[in-house]
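Single-letter residue listing:
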Amino acid sequence: MTARDGDGWVDCQCGNRHWGLHGSAGMLLVRNGSVLLQHRAPWVHNGDTWGIPGGARDSHETVLEAALREGAEEIGLNADFVTPLQVHDDDHGDWRYDTVIAKADDRLIAHEMNEESLQVEWVKYDDVTSKNLHPSFAHAWPKLKVLLAELFM
Ligand SMILES: [Zn+2]
């Protein structure tokens, strides 16, 4: 077993403070023209916003390992029902957020699992920006939306 060593803040050259000493990773689950968004509780950093399941990556983890672990912790994600397709990296220099774009099987059921997650919802691509989005996800979404159009045409 290896330790969880990714928790902590990074003061980034972009002027913002980000969570994850080795960066963070998340999973963008896609099914039938919708993506799975998670409503984060008001008391977490950038709370009361919508984003994707994810969090700090540990030094020994791959992006995919971190995204799957966070998905399991936050929404009860079953890795058997997920097909990773591509990784989009948002590299700030001092910090990075990697998003695993993955196809979700029809059998996948996401639950709100822990105290950080209020609700999960499948949201049509065009409706994503009508949500109050987490800043990191809002920043990446325009590029992710283009990738989705290419991957799922
Ligand atoms: Zn930054």
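Computed from a predicted structure; not experimentally measured.

**Observations concerning unusual backbone geometry**
At step 1: Backbone geometry places asparagine 32, a non-glycine residue, at a positive phi of 50°.
At step 2: Turning to its location among the elements, asparagine 32 is positioned in the loop between strand S3 (24-31) and strand S4 (34-40).
At step 3: Of the residues examined, asparagine 32 reaches a relative accessible area of 63% and is grouped as exposed.
At step 4: One non-glycine residue, aspartate 48, adopts positive backbone phi at about 60°.
At step 5: Tracing the backbone shows aspartate 48 in the loop between S4 and strand S5 (50-51).
At step 6: On the basis of relative accessibility, which here comes to 39%, the residue aspartate 48 falls in the partly exposed class.

**Brief notes about the nonpolar core**
The nonpolar side chains of a soluble globular protein tend to be buried, and buried together.
At step 1: Leu28, Val35, Leu37, Val128, Phe137, Trp141 and Leu148 are the most contacted members of the largest nonpolar core, which totals 21 residues.
At step 2: Those elements that provide at least two residues to this core are S3, S4, strand S8 (96-104) and helix H2 (135-151).
At step 3: It is H2 that provides the largest number of residues to this core, a total of six residues.
At step 4: Judged by nonpolar contacts, the second largest core, of 17 residues, contains Ala67, Ile75, Leu77 and Val82.

**Digging into the coordination of the zinc ion**
At step 1: Every protein donor of the zinc ion is listed here as Cys12 (SG), Cys14 (SG), His18 (NE2) and His92 (ND1), and their distances to the metal cover 2.0 to 2.3 Å.
At step 2: Relative to the metal, the four donor atoms surrounding the zinc ion lie at angles of 98 to 123°, and the coordination shape comes out tetrahedral.
At step 3: Mapping the donors of the zinc ion onto the primary sequence yields the spacing C-x1-C-x3-H-x73-H.
At step 4: Exposure remark for cysteine 14: the relative accessible area of 38% places this residue in the partly exposed category.
At step 5: Among the residues examined, histidine 18 registers a relative accessible area of 7% and is labelled buried.

**With respect to the side chain of aspartate 98**
At step 1: Topologically, aspartate 98 is positioned in strand S8.
At step 2: If sequence neighbours within four positions are ignored, aspartate 98 has contacts with Ser24, Ala25, Gly26, Arg57, Val63, Val87, His88 and Asp89.

**Looking at the pairing of strand S7 (residues 82-91)**
At step 1: Where S7 and S8 come together, nine bridges link them in antiparallel fashion. Pairing of aspartate 90 across the sheet is with tyrosine 97, part of S8.
At step 2: A loop of four residues connects S7 with S8, the two strands running antiparallel in sequence, and glycine 93 in this loop sits at a positive phi of about 100°.

Rules and cut-offs
Each chain carries its own residue numbering, running from 1 in the direction its sequence is written. Residues qualify for local features only when their pLDDT is at least 70, as the model is predicted, and side-chain atom pairs are given and counted only at 80 or more; totals for whole chains, interfaces and linings, by contrast, use all residues. Remark: hydrogens and water are excluded; side-chain values derive from all non-hydrogen atoms of the structure. Strands here mean DSSP runs of E at least two residues long; helices mean DSSP runs of H or I at least four residues long; both are numbered from the N terminus. Accessibility here uses a 1.4 Å probe with only protein chains present; expressed as a share of the type maximum, an area under 20% marks a residue as buried, one over 50% as exposed, and anything in between as partly exposed. As used in this record, nonpolar core signifies buried Ala, Val, Leu, Ile, Met, Phe, Trp, Tyr and Cys residues forming a set joined through side-chain atoms within 4.5 Å. Coordinating donors are taken as N, O and S atoms within 2.8 Å of the metal, stretched to 3.2 Å for Na, K and Ca; because water is absent from the atoms, sites can appear incomplete. Only four donors with every angle between 85 and 135 degrees are called tetrahedral; only four or six donors with opposite donors over 155 degrees apart and all others between 65 and 115 are called square planar or octahedral, in that order; all others are irregular. Any two residues having at least one pair of non-hydrogen atoms within 4.5 Å are treated as being in contact. Here, a strand pair is defined by DSSP locating no fewer than two bridges between the strands.

Read these as spatial facts, not as claims about activity.
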